[in-house]
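Report on the structure
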Amino acid sequence: FVDDTDIIHINMKKRETINEVHAALTASVRSWNNLLMATGGTLHPDKCFYYLMSYYYDERKQCWLYEDHSEDCYYDIELSLPDGTPFLMKHHSVEHPETMLGVATSPSGSCRSKCSCSEDCKGPLDVLIEKASDCAQKVLGSRVNRRQFWT
């Protein structure tokens, strides 16, 4: 059983174009999909998504910004289910948060639109702090002793 697997592609030895990155990512994801099917597993399309990231320098703002390729169908990744049914992986903008292990986050650090914390939230770290505080309050208010808590 495999769940919440992340495949990260980055080649630190050469400067890749967005097309090269997309081709390498597509090959990696298809290889993983084929391996899962060969061992009797399958991807769940509703849980599959990817971020394709590249940057450009904005002269006016004097900073690096993410380019958004999420609406460009040229960068789609099509996979197949074991019965041969094709599906497209969801391609998100770097600002789009996904919930993984109970925390909504995105490559840009945004948790907006999925975050239930306050308006002055700084992102996923605030959500984790909130969850840890809630857990601590529950433990402090229970009859669990120190030894039971850690086992």
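This text follows the structure it describes.
To start, this report covers the structure provided alongside it. (Residues numbered from 1 in each chain as written. Predicted model: local features only at pLDDT ≥ 70, side-chain atom pairs only at ≥ 80, totals over all residues. Heavy atoms only, no water.)

It is worth spelling out the overall build of the chain at this point. Secondary structure assignment for the chain yields 3 helices and 8 strands. Overall, the chain shows an N-to-C arrangement of helices and strands of α-β-β-β-β-β-β-β-β-α-α. Counting all 151 residues of the chain, 25% fall into the buried class. Across the chain, every contact between residues at least 6 apart in sequence was considered, and the portion connecting residues at least 24 apart equals 46%. (Helix = DSSP H or I, 4+ residues; strand = E, 2+ residues; numbered from the N terminus. Buried < 20%, exposed > 50% of the residue type's maximum accessible area, 1.4 Å probe, protein only. Contact = heavy atoms within 4.5 Å.)

Below, the discussion takes up helix 1 (residues 18-38). With 21 residues, helix 1 extends 30 Å between its outermost C-alpha atoms, agreeing within 8% with the 30 Å of an ideal straight helix rising 1.5 Å per residue. Along helix 1, the residues classified as buried are Ile18, Val21, His22, Leu25, Thr26, Val29, Asn33 and Leu36. For helix 1, the angular spread of the buried residues around the axis is 130 degrees, confining them to a single face. Looking at the buried positions of helix 1, the neighbouring elements they touch are strand 1 (49-51) and strand 4 (78-80). In the stretch just after helix 1, Gly40 is the one whose phi turns positive, near 90 degrees. (Expected span 1.5 Å × (residues − 1). Arc of directions from axis to C-beta.)

This next bit is on the packing of aromatic side chains. Tallied over the full model, the rule gives 4 aromatic pairs. On the numbers, 5.8 Å between centres and 80 degrees between planes, the contact of Phe49 with Tyr51 is edge-to-face. Here Phe49 falls in the partly exposed class, since its relative accessible area comes to 22%. Residue Tyr51 is classed as buried on the basis of its relative accessible area of 17%. Geometrically, the ring pair formed by Tyr57 and Trp64 is edge-to-face, given 5.4 Å between the ring centres and 70 degrees between the ring planes. Assessed through its relative accessible area of 57%, Trp64 is described here as exposed. (Phe/Tyr/Trp six-rings, centres within 6.5 Å; stacked < 30°, edge-to-face > 60°.)

The next subject is empty space enclosed by the protein. Enumeration according to the criterion identifies 1 cavity of 30 Å³ or more in this entry. Its volume calculated, the largest cavity comes out at about 30 Å³. What lines the largest cavity is Leu52, Glu67, Asp68, His69, Ser70, His91, His92, Ser93 and Val94. For the lining of the largest cavity, the class distribution of residues is 2 nonpolar, 5 polar and 2 charged. (1 Å grid on protein atoms, 1.4 Å probe; cavity = no way out; pocket = protein on both sides within 12 Å on 5 of 7 lines; lining within 4 Å. Points joined across faces, edges and corners; volume = space filled by probe spheres on them. Nonpolar A, V, L, I, M, F, W, Y, C, P; charged D, E, K, R; others polar.)

The next subject is the nonpolar core. Counting residues in hydrophobic clusters, the biggest one holds 14 residues, and the most contacted among them are Leu52, Leu79 and Met89. Considering every element that reaches this core, the biggest residue donor is helix 1, with 5 residues. Setting aside chain neighbours within four positions, we find Leu79 in contact with Val29, Arg30, Asn33, Leu43, Thr85, Pro86, Phe87 and Met89. (Core = buried A, V, L, I, M, F, W, Y, C linked by side-chain atoms within 4.5 Å.)

On to the side chain of Asn33, then. Within the secondary structure, Asn33 sits in helix 1. Residues in contact with Asn33, not counting those within four places in the same chain, are Leu43, Leu79 and Ser80.

On the surface, a cluster of nonpolar side chains totalling about 460 Å² of accessible area is made up of Met53, Tyr55, Tyr57 and Trp64. Locating Trp64 in the fold gives a position in strand 3 (residues 63-66). (Patch = residues over 30% accessible without salt bridge, like charges linked within 9 Å, V, L, I, M, F, W, Y side chains within 5 Å. Areas by Shrake-Rupley, 256 points an atom, 1.4 Å probe, with all protein chains shown as cover. Salt bridge = Lys/Arg side-chain N within 4 Å of Asp/Glu carboxyl O.)

Across 4 bridges, strand 2 (residues 55-58) lies against strand 3 in antiparallel orientation. Looking at the pairing, Asp58 lines up with Cys63 of strand 3. (Pairing = 2+ DSSP bridges.)

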